[in-house]
Amino acid sequence: MLNFKGGARLLFLLSLIVLLFVWAGCSDDESTGPVDPGGTGNLSGLVTVRCFPTTLDIPWTLSTPDGTQVYGENSQVLEDMPSGQYQISWGAINGWRMPYPDPDYRELTSTGTLDFPGIYQLEPGSVYIKVLPSGMEARWTLLDSDGMAVASGSPDSTVTGLVTGAYTLTWEAFDNVRASNVPISLTSESHGVQVYGNYQADERYIMLIPSPAGIPAPWTVTSTGGASFSGTGTDSVRIDGPVVEGADFFDYTIVWGDVQGYDPPVETEFLILEADTTSSYLISPVYTLQPVTQPTGTVSVNGTIGSSEVNWELEGPQGLLLTGSGDRTMTGMAAGSYAMHWLPTDGWAVPMDDTADLADGATISFTAHNDPAVTIAVQPADLACGWQLAYPSGATHTGVGSAFVETGEIGNYTLTWQEVSGWNTPAAQTLNMTQTQGLVFEAEYTRIEGNLFVQTYPLNLEAGWTVTGPEGFSYTGSGQEALQLTTAGSYRIDFDDAEGYLKPAHRYFDLDPAATSTIDGTYLMAFDMVAISPVLDYMGSPGNENCRDADEGWHQVDLNTDFKIMTTEVTNAQYVAAANWAVARGYAVLEDQVLRDNQEGSVNQLLDLTDGDHEISIQDGLLVCRNPNHPVKEVTWYGAAAYCDWVTQHQNLPRTYDRPTWRCNGFEPYQAAGYRLPTEAEWEYAARAGTDTPFPNGNLSVDGDFCSSSTLSEIAWWSGNAEFWSREVGQLDANDFGLYDMHGNVAEWCNDWYDAIYYEYASRINPRGPSVGETKVVRGGYFYSTVEDCRSGNRDDMEPATASFRAGFRMVIRGSE
């Protein structure tokens, strides 16, 4: 606490209480809340978002029942909210554990109140440094027990990656204010430490610190003695001696000026006794945000053509994004610019987007103006079946599988389906197109009867296979075929190689001629791997490396087991193919926009499909993706480990990860026969590719407080070149081992539990990481990382259940061939 004398102590306590508990002081934004897109008028509830500690700037995203997303920061109260289910997602803050659960789902009843508390806790090895009073632009330095500086900065800051031990926090000195050094004892407990720098004014000063911090509030100080001082924002005033003869006190008045968007505090008055020559005073008034009235209007969508409801997506101000189909009238919509995106609709062409500006109290309309077209839908959805479409004019058009055909002709269309081996062919169809009626041709191929049906996936992949069995039986086919076999017994099927795919392992099966057997041969997307034979080397970062962290002790490591590692990060397309295969076999389940594990009773979340940053979604009961060649994101550590298991099981190898412990091969990862995540030591050895510099292609430099690199953009997508999102894998230069994107793009899950001091006691031979922990190691940095966070030696960590756009992974497997 500030050690002020006399009445100043009371003034400080009162001002601090105001700072901590006044809502306006905690929030930098004023959100008007969502509108009522349904036009129901059911806007009567109250939603409160409470952020702790109040000294942090905490971002969050609130999804409302009507599809609106509200983006905010810090504590807020949202009025007139619709009833229904809400979801809040908390923003990540370096060095702090996010609130649990995240996301948080809660239900708001009509005229009710809904409360979302977001409590952040410091991670182990972290120190949060806060200055008091708020608004002081004071720099600090953190010294270790030897008096060496380990970090420096300005308030308010979080220092992460510190090892246990004693530290001292020192503060920059000013002419008329000062703060004492603060001793810190950092232990290996479950939380970090919060430290406050308590600045105290020198005697005979008045400190003026209006809140919120940094607000440009004008003020004027006058006294009965005739003294007058003016200023803006945080400043201090020297208390002069008496000028009124015979007076035994001075009456001071502080008038606070106007700041746009805020209500100023009332005048501050206080007395100073003539005999008081040692006190100092802290005055910290609070400016409160003025209510913001959002002009509103009505948006009408005329989305029906004939009997068809056209799909659409409406984008508007304040991050509004609504989807729907057909007609809809939405009242209470915020004034501003709107864009209507007409989405694909069976039987209709997609027109250009429409835009309009909504004024206060006005109405704008969007009317579907799609032209009729032809949609061809076939089941199974990815069956490679040919077809011919005959136009009213007699012209023809041919294609394969499900398709969309734009045409301007009105009249009768006839669709004829071609034969596919192993399938019954649907009958031809004739439909009539009008200006208000597009066409949808639907057909289902059914399997030809037989007692053995072989089907390869993807269905458009004509991969070869051979079935062998009793009495010298052998038959070679491809794709989908139905066989009629008469001899019971044990059979084997072998699948041929297919370029770009990982073929299924051979399989044995017993055939009963009186029953029907189906053999599923799913080909997964292939991936390249590099064989590495490690030698004695170092990991961590050298003590003289700029921008290093305290958990990167430079130490020798002996990896004596050969391994192979993927040349690129696992992509969206690769993950989707394996996940669909796993769901079909019951190894995983899809439920409520979440992919969950389903082996040995495990229900861990593997993939989050609800976050706005995901690139994978569910369509017709299957996972599909956009940006297929971008690295997979929103995958938990469990989801990365499960993918390793799926590929392992696909190849008929022993599964690597046990359930429910999720231990890798009984805590012997280097001896695992199947695919797995790399240990932290393997990852760093592969990333360094024989170098001891911060990056495998060069060093970094320091300019003031900033780290920079002239070579990083050659090998990594990071904040300096990625433009805020991931990129296709393998587009930049590889390191000397032939590995791409080891730095940047997305950070990569490793097999190990994280421990900030693990390097101090770890085995130097094939280190495996701690046996237990709370977070898993994440390495390499991602597309929004700074230079220092992309270094080969930089360490990061996340809870294994976290699904984030920051993290993906790549696999390793034992061996050198």
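Scroll up a little and you will see the structure.
Residues numbered from 1 in each chain as written. Predicted model: local features only at pLDDT ≥ 70, side-chain atom pairs only at ≥ 80, totals over all residues. Heavy atoms only, no water.

**Student:** What am I meant to see in the overall build of the protein chain here?
**Tutor:** When its secondary structure is counted, the protein chain shows six helices and 69 strands. Burial analysis of the protein chain (817 residues in total) assigns 49% to the buried set. Considering only intrachain contacts with a sequence separation of at least 6, the fraction spanning at least 24 residues in the protein chain is 65%. Carbon and sulfur atoms provide 48% of the accessible area of the protein chain, an area that totals close to 35,700 Å². (Helix = DSSP H or I, 4+ residues; strand = E, 2+ residues; numbered from the N terminus. Buried < 20%, exposed > 50% of the residue type's maximum accessible area, 1.4 Å probe, protein only. Contact = heavy atoms within 4.5 Å. Areas by Shrake-Rupley, 256 points an atom, 1.4 Å probe, with all protein chains shown as cover.)

**Student:** Help me understand the pattern of salt bridges, please; the structure alone is not making it clear to me.
**Tutor:** A side chain with one charge can pair with a side chain of the opposite charge if their charged atoms come near. For the coordinates displayed, the defined rule picks out 22 salt bridges. A salt bridge links Glu552 to Arg791; the nearest nitrogen and oxygen atoms lie 2.7 Å apart. Taken as a pair, Glu552 in the loop between β55 (537–539) and β56 (555–557) and Arg791 in the loop between β66 (776–779) and β67 (795–798) lie far apart in primary sequence, 239 residues in all. Owing to a relative accessible area of 0%, Glu552 belongs among the buried residues under this scheme. Residue classification places Arg791 among the buried residues on the basis of a relative accessible area of 0%. A network of salt bridges, in which partner residues are shared, links Asp597, Glu600, Asp645, Arg655 and Arg659. (Salt bridge = Lys/Arg side-chain N within 4 Å of Asp/Glu carboxyl O.)

**Student:** Looking at this structure, I do not really get the packing of aromatic side chains. What am I missing?
**Tutor:** For any pair of aromatic rings, the description rests on two quantities: the centre-to-centre distance and the angle between the ring planes. On inspection of all chains with the given rule, the structure shows 29 aromatic pairs. Both rings, one in Tyr391 and one in Tyr413, keep their centres 5.4 Å apart while their planes meet at 55°; by these two values the pair is tilted. In this pair, Tyr391 sits in the loop between β37 (386–390) and β38 (396–400) while Tyr413 sits in strand β40 (residues 411–417), placing the two residues 22 residues apart along the sequence. Exposure class is identical for Tyr391 and Tyr413. Each is buried. Considering the side-chain rings of Tyr782 and Phe783, the 5.1 Å spacing of their centres and the 75° angle between planes classify their relative orientation as edge-to-face. One exposure class covers both Tyr782 and Phe783, and it is buried. Through pairs of rings, three or more aromatic residues link up here, namely Tyr575, Tyr643, Trp646 and Phe809. The ring of Tyr670 has Arg676 sitting right over it, with the charged end atom 5.7 Å from the ring centre. Seen from the ring of Trp753, Lys776 lies directly overhead, with NZ or CZ sitting 4.0 Å from the centre. (Phe/Tyr/Trp six-rings, centres within 6.5 Å; stacked < 30°, edge-to-face > 60°. Lys NZ or Arg CZ within 6 Å of the ring centre and 35° of its normal.)

**Student:** Quick question: what am I supposed to make of the layout of surface pockets here?
**Tutor:** It is the rolling of a water-molecule-sized probe over the atoms that shows where space remains empty. In this structure, the second largest pocket occupies an estimated 1,300 Å³ of space. Lining the second largest pocket are 33 residues, and of these Ala381, Asp382, Asn580, Leu622 and Leu623 sit closest to its centre. Among the elements of the structure, β36 (373–379), β52 (517–522), β53 (524–525), α3 (572–584) and β62 (622–625) are those that each provide at least two residues to the lining of the second largest pocket. The dominant element in the lining of the second largest pocket, judged by the number of residues it contributes, is α3, at six residues. (1 Å grid on protein atoms, 1.4 Å probe; cavity = no way out; pocket = protein on both sides within 12 Å on 5 of 7 lines; lining within 4 Å. Points joined across faces, edges and corners; volume = space filled by probe spheres on them.)

**Student:** Looking at this structure, I do not really get empty space enclosed by the protein. What am I missing?
**Tutor:** The full count for this structure, using the stated rule, is four cavities of 30 Å³ or more. Listing elements by their share of the lining of the largest cavity, those giving two or more residues are β55 and α5 (680–688). Among the residues making up the lining of the largest cavity, the classes are represented as seven nonpolar, no polar and two charged. (Nonpolar A, V, L, I, M, F, W, Y, C, P; charged D, E, K, R; others polar.)

**Student:** So what exactly am I meant to see when it comes to the sheet that holds strand β25 (residues 281–283) here?
**Tutor:** Note on sheets: strands pair through backbone hydrogen bonds, and any given pair is parallel or antiparallel. With respect to topology, three strands assemble into an open sheet ordered β21-β18-β25, the strand pairing being mixed. At either end of the open sheet lies a strand with only one pairing partner, and these are β21 (235–238) and β25. Across the sheet, the mean angle from the axis of one strand to that of its neighbour is 20°, orientation sign disregarded. The pairing of strand β18 (residues 205–208) with β25 spans three bridges and is classified as parallel. Bridge pairing in β25 places Ile206 opposite Tyr281. (Pairing = 2+ DSSP bridges. Axes fitted to C-alpha atoms, helices over the stretch in contact; angles between N-to-C directions.)

**Student:** What should I look at first to understand the environment of Thr516 in this one?
**Tutor:** The topology assignment puts Thr516 in the loop between β51 (507–511) and β52. For Thr516 and Gln484, which are 32 residues apart along the polypeptide, the C-alpha to C-alpha distance reads 9.5 Å. With sequence-adjacent residues up to four places away left out, Thr516 is seen in contact with Gly450 and Asn451.

**Student:** Where do I start with the sheet that holds strand β31 (residues 321–325) in this structure?
**Tutor:** The sheet built from four strands is open, its strands ordered β31-β30-β33-β34 with antiparallel pairing. Two strands bound the open sheet, and with one partner strand each, they are β31 and β34 (354–358). On average, each strand axis in the sheet is inclined to that of its neighbour by 20°, with strand direction left out of account.

**Student:** What is the right way to look at the pairing of strand β59 (residues 594–597) in this model?
**Tutor:** Each regular strand carries side chains that alternate between the two faces of the sheet. Bridge count for strand β58 (residues 588–591) against β59 is four bridges, and the pairing is antiparallel. Bridging from a neighbouring strand, Glu591 pairs with Val594 of β59. Counted along the chain from β58 to the antiparallel partner β59, the turn is two residues long, and its residue Asp592 has a positive phi close to 50°. As paired strands, β59 and strand β60 (residues 605–608) are joined by three bridges and run antiparallel to one another. Considered in β60, the bridge of Val594 is made with Asp608.

**Student:** Sorry if this is basic, but what is going on with the side chain of Ser792 here?
**Tutor:** You can see Ser792 is positioned in the loop between β66 and β67. Excluding residues that lie within four positions of it along the chain, Ser792 makes contacts with Trp683, Glu684, Ala687, Arg688, Thr693, Pro694, Phe695, Pro696, His743 and Arg779.

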